[in-house]
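Structural characterization, general
Here are the chains, one letter per residue:
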Amino acid sequence: MTMQTNKPSFGVLDGVKIVYAAVELAVPKACCIMADWGADVTWLENTGAGDTIRDTAWVKQAERRNQRSVALDYFSPEGKEVLFKMLKDADIFIEASKGGTYAKKGITDELLWEINPKLVIVHVSGFGQSGEPAMVTRAAYDLTVMAYSGYMSQNGTPAQPMNPGPYAGDYFNTLMITGATLAALYRAEKTGKGESIDLAMFETLLAIGQYYLVDYLNEDIIWPRPGARNQNLCAIGEYQCSDGFIGLCVYGVSQNKYLLECIGLGDLWGTEHIPEDCSALWLSNPHAIEIEEKLEAYCLAHRRKDIEADFAANRIAAQIVMEFPDLVQDEHYKAREVWLDWQTQEGEEFKGLNVFPRFKNNPGQVWRPMPAQGQDTQDVLAGLGYSNEQVSQLASNGVVKLA
């Protein structure tokens, strides 16, 4: 299959040029999102095995669409020259590595700004570009930054912390990378002066996990890990029904009254511990254990769809826990055109997700499947002024890799 090389004009980020050097998952996913929104994205892979995402069966197709692949040894002297030429007219450069790696290799922010004063530079690492040296240079993965940030300690059962999946630490950071990058781009466009972002992945997770963290910082409160339930409220969590599981978030005066009536505890409404203006059923309530036991029994005696329909009709937030087969059969998913099929480079049909969110006036699109490693090396370098002979020589020297 012949792949389209020139990006068509579309999207809210049309005209924005991004170069990134990173392997799965946080940075590449952020760049994929921006590519879906219309940015012109070039993915720098190493000249060895390439991005580790290539070892996956399917997700590589979903998260490396809409971008070019250039296989480049960007730390070699000749490779640096190629990189600098690529960044001369780029808007954004994002790299993921241990803190300080690029500066140690002689690729400092100041040098890049000499080449391109408006360049937005984003350094993504597990623990930051500064701080305790042993932490700055420590290897980081999704699980380890989750553990270091305290986010993992808030998830799991009372007996054991558990890492939220799939790869939530990476994907939370994807959104922070996207937001911070575009904020810096806005300022660079306004002022003509570039920006450098030190994005430590653990700090993103600290920010996301602060809901209960500030209880500890200010009152020394450590809530127990909730398992499938809320840390401090009844009727919030995942409950087993006769045919699966349902997620409930029962909160509000009328909602609590209706719940108690459903589970056979309507007589508790308007009493000392559950007055008629009770909007929250706290676990500190002396009836909490009874409420939870009755609710569990009620759910086990009913089908999840029946509970969902009844509770939703009475303004209780209730949603069945959707399994993958449920997702593909759901009518709302279909009505919103959540699913999208496209062809891989090999001409095979790939089933994936559409572009989110939905921009009304400048919608995103999928214009290109995942390229082979180094597929665009020749074209990109030609656009930088390299002749075919020069590219071949760089390939012979191991500076670049051609598909």
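First, a word on what this report is: a plain description of the structure on this page. If you're wondering where the values come from, they're calculated on a predicted model, not measured in any experiment. (Residues numbered from 1 in each chain as written. Predicted model: local features only at pLDDT ≥ 70, side-chain atom pairs only at ≥ 80, totals over all residues. Heavy atoms only, no water.)

Topic: the overall build of the chain
Counting its regular elements, the chain contains 17 helices and 14 strands. With respect to the principal axes defined by its C-alpha atoms, the chain has extents near 85 × 50 × 40 Å. Expressed as a percentage of its 403 residues, the buried residues of the chain come to 44%. Across the chain, contacts joining residues at least 24 apart in sequence account for 69% of those joining residues at least 6 apart. (Helix = DSSP H or I, 4+ residues; strand = E, 2+ residues; numbered from the N terminus. Buried < 20%, exposed > 50% of the residue type's maximum accessible area, 1.4 Å probe, protein only. Contact = heavy atoms within 4.5 Å.)

Digging into the environment of Asn397
Mapping Asn397 onto the fold places it in the loop between helix H17 (388-396) and strand S14 (400-401). Among the residues examined, Asn397 registers a relative accessible area of 42% and is labelled partly exposed. Distance in space between the C-alpha atoms of Asn397 and Glu78 is 9.4 Å, their sequence separation being 319 residues.

Considerations on the pairing of strand S2 (residues 40-45)
For S2, a buried count of 5 out of 6 residues is recorded, marking the element as mostly surrounded by other parts of the structure. Across 5 bridges, strand S1 (residues 17-21) lies against S2 in parallel orientation. Looking across to S2, one finds that Ala21 is bridged to Leu44. Handedness of the crossover joining S1 and S2 through helix H1 (residues 26-36): right-handed. As paired strands, S2 and strand S3 (residues 67-72) are joined by 5 bridges and run parallel to one another. Its bridge partner lying in S3, Val41 is registered against Gln67. (Pairing = 2+ DSSP bridges. Right-handed = clockwise from strand over helix to strand, strands pointing away.)

Brief notes about a nonpolar patch on the surface
Residues Val214, Tyr216, Leu217 and Ile222 make up a contiguous nonpolar surface patch of roughly 410 Å² in combined accessible area. Turning to its location among the elements, Val214 is positioned in helix H10 (residues 210-219). Using a relative accessible area of 33% as the deciding quantity, one classes Val214 as partly exposed. (Patch = residues over 30% accessible without salt bridge, like charges linked within 9 Å, V, L, I, M, F, W, Y side chains within 5 Å. Areas by Shrake-Rupley, 256 points an atom, 1.4 Å probe, with all protein chains shown as cover. Salt bridge = Lys/Arg side-chain N within 4 Å of Asp/Glu carboxyl O.)

Here's the deal with the sheet that holds strand S10 (residues 244-249)
The strands making up a sheet associate through backbone hydrogen bonding, with each pair oriented either parallel or antiparallel. One open sheet accounts for 3 strands, arranged S9-S10-S11; its pairing is antiparallel. Of all the strands in the sheet, the pair left with one neighbour each is strand S9 (236-241) and strand S11 (317-320). The mean angle between the axes of side-by-side strands here comes to 25 degrees, regardless of whether they run parallel or antiparallel. Across 6 bridges, S9 lies against S10 in antiparallel orientation. Considered in S10, the bridge of Gln240 is made with Phe245. (Axes fitted to C-alpha atoms, helices over the stretch in contact; angles between N-to-C directions.)

As for the packing of helix H8 (residues 168-191) against helix H9 (residues 201-208)
Between H8 and H9, the least distance of the axes is 9 Å, while the angle of their chain directions is 90 degrees. Between H8 and H9, the interaxial angle falls into the category roughly perpendicular. When H8 is examined against H9, the residues Gly169, Asp170, Phe172, Asn173 and Met176 are found in contact with a partner set consisting of Met201, Thr204, Leu205 and Ile208. Of the residues belonging to the contact of H8 with H9, the class tally is 5 nonpolar, 3 polar and 1 charged. (Parallel < 35°, antiparallel > 145°, perpendicular 65-115°, else oblique. Nonpolar A, V, L, I, M, F, W, Y, C, P; charged D, E, K, R; others polar.)

Side note on the packing of aromatic side chains
Each pair of aromatic rings is reported with the distance of its centres and the angle of its planes. If you walk through the whole model with that rule in mind, you get 16 aromatic pairs. Summarising the aromatic geometry, the rings of Tyr74 and Phe75 are spaced 5.1 Å apart at their centres and angled 75 degrees between planes, so their arrangement reads as edge-to-face. On the numbers, 5.7 Å between centres and 25 degrees between planes, the contact of Tyr333 with Trp339 is stacked. Taking the relative accessible area as the measure of exposure, Tyr333 reaches 26% and is therefore partly exposed. Each residue in the set Tyr74, Phe75, Phe93 and Tyr102 is aromatic and connected to the rest through ring pairs, giving one cluster. One Lys or Arg, Lys7, reaches over the ring of Phe10 and ends 4.3 Å from the middle of that ring. It is Arg64 that lies over the ring of Trp43; its NZ or CZ is 5.3 Å from the centre. (Phe/Tyr/Trp six-rings, centres within 6.5 Å; stacked < 30°, edge-to-face > 60°. Lys NZ or Arg CZ within 6 Å of the ring centre and 35° of its normal.)

Regarding unusual backbone geometry
Of the consecutive residues Glu24 and Leu25, the connecting peptide bond is found in the cis state with omega at 10 degrees. Its place among the elements puts Leu25 in the loop between S1 and H1. In this model, Glu337 sits at a positive phi of 55 degrees, which is unusual for a non-glycine residue. With respect to the helices, strands and loops of the structure, Glu337 is situated in the loop between helix H15 (331-335) and strand S12 (339-343).

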